[in-house]
Amino acid sequence: MEDNPLPSFIKSGIYQLNSTAVFIDPVRLLNRSYTRFRVSPSTYYSRFFDSTNSTQSPKASEDSRKRKRKQKKKNKVQSLNEREQIADRRHQEVKPFLLKAHEALLEATDILKVLRNLRNDGCVVRECKELSKESSELSLMELGGVWQAPMYEIVLNYYHDDKTFQNEGFPLAHSIEQRVTPVFNNLVANEGNDDIEAELLNHKYIIPKRSCFYMSDLQQIDSLIPADSDCGFNLIVIDPPWENGSARQKVRYPTLPNRYFLSLPVKELCHTSGALLALWVTNREKLRDFVENDLFPKWGVTYAASFYWLKVKANGILPGELDLFHHRPYECLLLGYCKGKVGLSHALELPLLKRILFFTSPCLLQDTHSGKLTRMNPIPDNRVFISVPGDYSRKPPIGELLLDYVPGPMPARCVELFAREMIAGWTSWGNEPLHFQDSRYFVSK
Ligand code: SAM
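Since this is a predicted model, take the numbers as computed values, not measurements. Here, residues in each chain are numbered from 1, in the same order as that chain's written sequence. Note on the predicted model: pLDDT of at least 70 is required for a residue's local features to be given, and 80 or more for side-chain atom pairs to be given and counted; whole-chain, interface and lining totals, by contrast, use all residues. Values shown for side chains rest on all heavy atoms present in the structure; no hydrogens or waters enter the calculation.

Engineer: Explain the sheet that holds strand S5 (residues 173-182) here, please?
Structural biologist: Adjacent strands of a sheet pair through backbone hydrogen bonds, lying either parallel or antiparallel. By definition, two strands form a pair when at least two bridges between them are found by DSSP. Strands here mean DSSP runs of E at least two residues long; helices mean DSSP runs of H or I at least four residues long; both are numbered from the N terminus. The strand order across the open sheet built from four strands is S5-S4-S7-S8, with neighbouring strands paired in antiparallel fashion. The two strands at the open ends of the sheet, each matched to only one other strand, are S5 and strand S8 (203-207). Each neighbouring strand pair of the sheet contributes to a mean axis angle of 30 degrees, computed without reference to strand direction. Across three bridges, strand S4 (residues 153-162) lies against strand S7 (residues 196-200) in antiparallel orientation. What sits directly across from Asn157, in S7, is Glu197. Note on definitions: angles span 0 to 180 degrees between N-to-C directions of axes, and those axes are lines fitted to C-alpha atoms, for helices only across the stretch in contact.

Here is the structure:
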């Protein structure tokens, strides 16, 4: 471990707490995708920064929590049904790793100080915008469902610096090149090395450098399948809209019955040399059972390890009891390997395929020719990453933490399914991949 990991955290957004746990700042991680804009920390951290917390130190709060946890556990154990008992055993197995990671965070006084200020990080007051209730967001899901959807177009604005007269004392001039393209059921890409502003029905979106999105319903996902598996993906992150009480209650997005996910074309999306698959799951045992026994076998995925996302508040304490049965303050990322499928598929027209190939990983062609492959490390189990959560159900960008375990050529070709945001070098697919790209989540640099 580094002597002082703080300077590297300031740059990278990743702070190594010990050999098995890291603290991450999603805003810093995301900002690596942008050159002209940056993610506004106050809009990212729209929750968990209320200071109604007690004046107790994080350590004292944690001790009193531990006492309560013990008491609760005593009362609880007898009343669990069979499935809940399995879930509880699973929880007891992972708990020491979570506690160790959390203790390491509470001991890292330098990062705790940074943590308290993450929400205002690097923002001058005027820039620290709050999400205004009045400025309505475009419902991309609704828009994609209407009969006019094929006619909606997005305008991509590319800024070019015009240096012609700069030496003659004139200020640097800019020109704007506009490209217009259908926004639904179409691969939309920013192949440049700068982020760009895009317009859709009077709403502005910020598109990261070297990224692309395909906005469609699940029914059209086959359009993402490459005609040649050499052009498939090496890292596939999936955060499905699982059915569960809480998503239905808050109705932030539609959920789907588990059987729908069986038809996701995971094998077909894999690169010839295989892929690391990262699947977000909830803590419900019924779902774990479905993933292990139905979903992974159907997708041709072999389970490899589990990582855990532990959520903390701005003062470093957990937002809820670790032992609280239905509201655990952590989520699980199941990792597995997919062998990939050699052979051709019908789905992509060659021009579209070439665009995916070029935009998401411009070096792939070169690397395929040079035969450069990643040196893949064995994947460890029970890694913990800690962060302060953003908006409801928004997952931290964990691609960077997985790259060491991705098979195939470098740089990895990465895709996120059911995405709500975009990242440089990635393809984002879902019915609202532009959701967090709305300009209200950004400030200009
Ligand atoms: N990973 C995302 C994040 O960090 O913000 C959250 C993804 S959320 C769990 C699931 C997403 O799947 C939502 O954006 C939802 O609208 C989308 N979704 C639901 N039904 C869909 C469908 N039939 N086709 C495509 N996307 C769908």
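So, next bit.
Engineer: Please clarify how the pairing of strand S9 (residues 211-215) should be interpreted in this entry.
Structural biologist: Note on strand geometry: in a regular strand, side chains alternate between the two faces of the sheet. Most of S9 sits inside the fold, with five of its five residues counted as buried. Here S9 shows two buried faces, one formed by Ser211, Phe213 and Met215 and the other by Cys212 and Tyr214. One ladder, built from four bridges, connects strand S6 (residues 187-190) with S9; its direction is antiparallel. Looking at S9, one finds that Asn190 is bridged to Ser211. Here S9 runs beside strand S16 (residues 426-430); their pairing, made up of four bridges, is parallel. Bridge pairing in S16 links Phe213 to Ser428. A simple rule labels every residue: compare its accessible area, found with a 1.4 Å probe on the protein chains alone, to the largest value its type can have, and call it buried under 20%, exposed over 50%, or partly exposed in between.

Engineer: Honestly, the side chain of Lys209 in this entry has me stumped. Any pointers?
Structural biologist: Take Lys209: it is sitting in the loop between S8 and S9. No salt bridge is formed by the buried Lys209. Its closest oppositely charged neighbour is Asp195, at 6.8 Å. Residue contacts are defined here by distance: any two heavy atoms, one from each residue, within 4.5 Å place the two residues in contact. Residues in contact with Lys209, not counting those within four places in the same chain, are Arg32, Ser33, Thr35, Asn190, Gly192, Asn193, Asp194, Asp195, Ala424 and Gly425. Residues scored as positive are Lys and Arg, those scored as negative are Asp and Glu, and His as well as the terminal groups of each chain are ignored. Put simply, a salt bridge is a Lys or Arg side-chain nitrogen that is within 4 Å of an Asp or Glu carboxyl oxygen.

Engineer: Looking at this structure, I do not really get the site of the ligand. What am I missing?
Structural biologist: For each residue, the test is whether any non-hydrogen atom lies within 4 Å of the molecule or strand; if one does, the residue is near. Near the ligand, the surroundings consist of 20 residues, among which Asp239, Lys395, Arg420, Asn431 and Glu432 are the closest. At 2.9 Å from a nitrogen atom of the ligand is found a main-chain nitrogen or oxygen belonging to Leu218. The term polar contact refers here to a pair of N or O atoms within 3.5 Å; inside protein, the definition further demands a hydrogen-donor-capable atom paired with an acceptor-capable atom, and it admits residues adjacent in sequence only when both atoms are side-chain atoms. At 2.7 Å from an oxygen atom of the ligand is found a main-chain nitrogen or oxygen belonging to Lys395. All accessibility values rest on the Shrake-Rupley procedure with a 1.4 Å probe; residue burial counts only the protein chains present in the view. If the ligand stood free it would expose 610 Å²; the protein chains cover 97% of that surface. Counted by class, the shell around the ligand contains 10 nonpolar, three polar and seven charged residues. For this scheme, ten residues count as nonpolar: Ala, Val, Leu, Ile, Met, Phe, Trp, Tyr, Cys and Pro. Four count as charged, namely Asp, Glu, Lys and Arg, and the remainder, Gly too, count as polar.

Engineer: Before we go on, may I ask you to explain the packing of helix H5 (residues 82-107) against helix H6 (residues 109-116) in this structure?
Structural biologist: To describe two helices that pack against each other, one gives the angle between their axes and the distance between the axes. Where H5 contacts H6, the two axes come as close as 5 Å, and the packing angle between them is 85 degrees. Comparing their axes, H6 and H5 come out roughly perpendicular. Seen from H5, the contacting residues are Leu105, Leu106 and Glu107; seen from H6, they are Thr109, Ile111, Leu112 and Leu115. Its residues assigned to classes, the contact of H5 with H6 shows five nonpolar, one polar and one charged. What sets the label is the angle itself: under 35 degrees gives roughly parallel, over 145 gives roughly antiparallel, 65 to 115 gives roughly perpendicular, and the rest give oblique.

Engineer: Explain the nonpolar core here, please?
Structural biologist: Nonpolar side chains in soluble globular proteins tend to be buried together. Residues Phe23 and Trp299 are the most contacted members of the largest nonpolar core, which totals 100 residues. Not counting residues within four places of it along the chain, the set of residues in contact with Phe23 comprises Phe9, Gly13, Ile14, Tyr15, Leu17, Leu105, Ile111, Leu115, Leu118, Val312, Ile386 and Ser387. One finds Leu143, Leu156, Val188 and Ile196 within the second-largest nonpolar core, a separate group that totals 20 residues. Working definition of a nonpolar core: buried Ala, Val, Leu, Ile, Met, Phe, Trp, Tyr and Cys residues. They are joined through side-chain atoms within 4.5 Å.

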